[in-house]
Amino acid sequence: MSEYLYTYIGKDCISINIDLTYPEIASVGERIKEISDYYYEEDDLNISTWQAFLNNYFRFNAPEIYEKLKVIPASDYSKMYCAYIEGVNEETKALAKKFVSIFNDLIENEEKAYSFLEQNANDIDWDRCSTVKKARLDAIAPYGICDYVLYGLYLGDPGKFTVSMSGDYPTGPRRTGDDSGYCIELNHNNHGVEHPIVFQITSTGPDTVYVQGGLSGTDYVEADMDADSAIKLLLAF
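Note that the structure is predicted; figures quoted are calculated from it, not measured. (Residues numbered from 1 in each chain as written. Predicted model: local features only at pLDDT ≥ 70, side-chain atom pairs only at ≥ 80, totals over all residues. Heavy atoms only, no water.)

## Side note on the overall build of the chain
Each helix and strand counted, the chain has eight helices and nine strands in total. The proportion of buried residues among the 237 residues of the chain is 49%. Look at the contacts in the chain between residues 6 or more apart in sequence, and 61% of them connect residues 24 or more apart. On the chain, roughly 11,300 Å² of surface is accessible, and the fraction owed to carbon and sulfur atoms is 46%. (Helix = DSSP H or I, 4+ residues; strand = E, 2+ residues; numbered from the N terminus. Buried < 20%, exposed > 50% of the residue type's maximum accessible area, 1.4 Å probe, protein only. Contact = heavy atoms within 4.5 Å. Areas by Shrake-Rupley, 256 points an atom, 1.4 Å probe, with all protein chains shown as cover.)

What follows is the structure, encoded as structure tokens:
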């Protein structure tokens with residue numbers, strides 16, 4: 001797994017999330033915007049540019065991914081490209097793996113992206129609506145790694161968790177600039193406890209979160225961990 005791209009296999013979807021703040025991605029996105037000469041006023045991190053570009057790149061070069069990929073609409077100030085492929089089986093796992101391979105190749109060999117734009121300039125659809133029209137998870141706000149955790153929880157067991165913004169501890173900065181994280185309440189658990197169990201998460205890096213909460217004693221958690229481990233912990237708790 002690369003430092004900027006995360007995948008998560010849920011119950012009925014495979015999510016694909018790209019951190020657009022990563023310097024190499026931001027640089028390529030700026031160049032794509034320059035070549036395409038198409039500008040979204042609020043698109044500081046080029047999320048809409050990336051959505052439209054990848055939509056068209058897969059349409060031309062990997063139609064099997066294009067047909068299955070569903071792109072989640074970007075919220076204001078989003079810093080993550082989030083998409084998913086419905087169904088969890090060998091075919092969809094292979095498509096997700098191919099997505100990762102193609103994207104990594106574009107970042108490592110960025111001239112391929114620029115050449116594609118120049119060769120297909122007249123056939124590229126930059127309409128943001130056409131890019132995201134198939135998405136059904138419009139309640140998801142992909143701001144950063146904390147939201148990636150929430151997305152994984154949503155895919156894993158949406159009825160298990162109630163989420164709210166947290167203004168208490170931990171106090172590390174969210175990647176949106178807010179100085180809080182999320183309070184995650186478990187509506188049911190695997191410990192036989194009748195009352196809700198509460199955790200709090202805060203981002204501590206591009207792919208790590210600080211997790212605090214649980215049950216007193218040996219089942220109380222205070223730790224930094226990668227996002228996938230946090231997802232697995234909360235789903236299993």
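Now that the structure is up, let's keep going.
## Some details on the side chain of asparagine 189
With respect to the helices and strands, asparagine 189 occurs in the loop between strand 6 (181-186) and strand 7 (197-205). At a separation of 2.9 Å, a polar atom in the side chain of asparagine 189 contacts the main-chain amide nitrogen of histidine 191. Within the structure, the side chain of asparagine 189 is placed 3.2 Å from the backbone nitrogen of glycine 192, a separation counted as a polar contact. (Polar contact = N/O pair within 3.5 Å; in protein donor to acceptor, adjacent residues only side chain to side chain.)

## Notes on the packing of helix 1 (residues 23-36) against helix 5 (residues 111-119)
Between two packed helices, both the angle of their axes relative to each other and the distance between the axes serve to describe the pair. Closest axis-to-axis distance for the helix 1/helix 5 pair is 10 Å, and the angle between their directions is 15°. With respect to their mutual orientation, helix 1 and helix 5 come out roughly parallel. The hand of the helix 1/helix 5 crossing is right-handed. In this structure, helix 1 uses Val28, Arg31, Ile32 and Ile35 to contact helix 5, whose residues at the interface are Tyr114, Leu117 and Glu118. (Axes fitted to C-alpha atoms, helices over the stretch in contact; angles between N-to-C directions. Parallel < 35°, antiparallel > 145°, perpendicular 65-115°, else oblique. Left-handed = near helix turned anticlockwise from the far one by under 90°.)

## Section: the packing of aromatic side chains
Enumeration according to the criterion identifies eleven aromatic pairs in this entry. The interplanar angle of 85° and the centroid separation of 5.0 Å between the aromatic rings of phenylalanine 199 and phenylalanine 237 together place this pair among those described as edge-to-face. One end of the pair, phenylalanine 199, is in strand 7; the other, phenylalanine 237, is in the segment after helix 8 (227-236), with 38 residues separating them in the sequence. Accessibility assignment for this pair places phenylalanine 199 and phenylalanine 237 in one class, buried. A cation over an aromatic ring shows up here: arginine 31 above the ring of tyrosine 114, its NZ or CZ 5.7 Å from the ring centre. (Phe/Tyr/Trp six-rings, centres within 6.5 Å; stacked < 30°, edge-to-face > 60°. Lys NZ or Arg CZ within 6 Å of the ring centre and 35° of its normal.)

## Considering the nonpolar core
In terms of nonpolar packing, the biggest core is built from 38 residues, with Trp50, Phe53, Leu54, Leu69, Phe99 and Phe103 touching the most fellow members. Of all elements in the fold, only strand 2 (13-19), helix 1, helix 2 (47-61), strand 3 (69-71), strand 4 (80-86), helix 4 (90-108) and helix 5 reach the threshold of two or more residues within this core. Considering every element that reaches this core, the biggest residue donor is helix 4, with eight residues. Beyond its immediate sequence surroundings of up to four residues, phenylalanine 53 is in contact with Ile32, Leu106, Ala113, Phe116, Leu117 and Trp126. Counting 32 residues, the second-largest nonpolar core is a separate cluster that includes Cys13, Phe161, Ile184 and Phe199. (Core = buried A, V, L, I, M, F, W, Y, C linked by side-chain atoms within 4.5 Å.)

## What to know about the sheet that holds strand 2
Taken together, the four strands give an open sheet; going across it, the order is 1-2-4-3, and neighbouring strands pair in antiparallel fashion. Only two strands of the sheet have a single neighbouring strand rather than two, namely strand 1 (5-9) and strand 3. Going from strand to strand, the sheet's axes swing by 25° on average, the running direction of each strand aside. Of the strand pairs in this sheet, strand 1 and strand 2 are connected by five bridges, and their pairing is antiparallel. (Pairing = 2+ DSSP bridges.)

## Quick word on the side chain of serine 15
Among the structural elements, serine 15 can be located in strand 2. A polar side-chain atom of serine 15 sits 3.4 Å from a polar atom in the side chain of asparagine 17. Look past the residues within four positions of serine 15 in its chain and what remains in contact with it is Tyr6, Thr7, Tyr8, Ala83, Tyr84, Tyr151 and Leu155.

## Quick notes on the pattern of salt bridges
Note on pairing: side chains with opposite charge can pair once their charged atoms come close. Using the criterion set out here, one finds three salt bridges in the structure. A salt bridge links glutamate 64 to lysine 98, with the shortest nitrogen-to-oxygen separation between them at 2.4 Å. Taken together, the residues glutamate 64 in helix 3 (residues 63-68) and lysine 98 in helix 4 connect sequence positions 34 residues apart. (Salt bridge = Lys/Arg side-chain N within 4 Å of Asp/Glu carboxyl O.)

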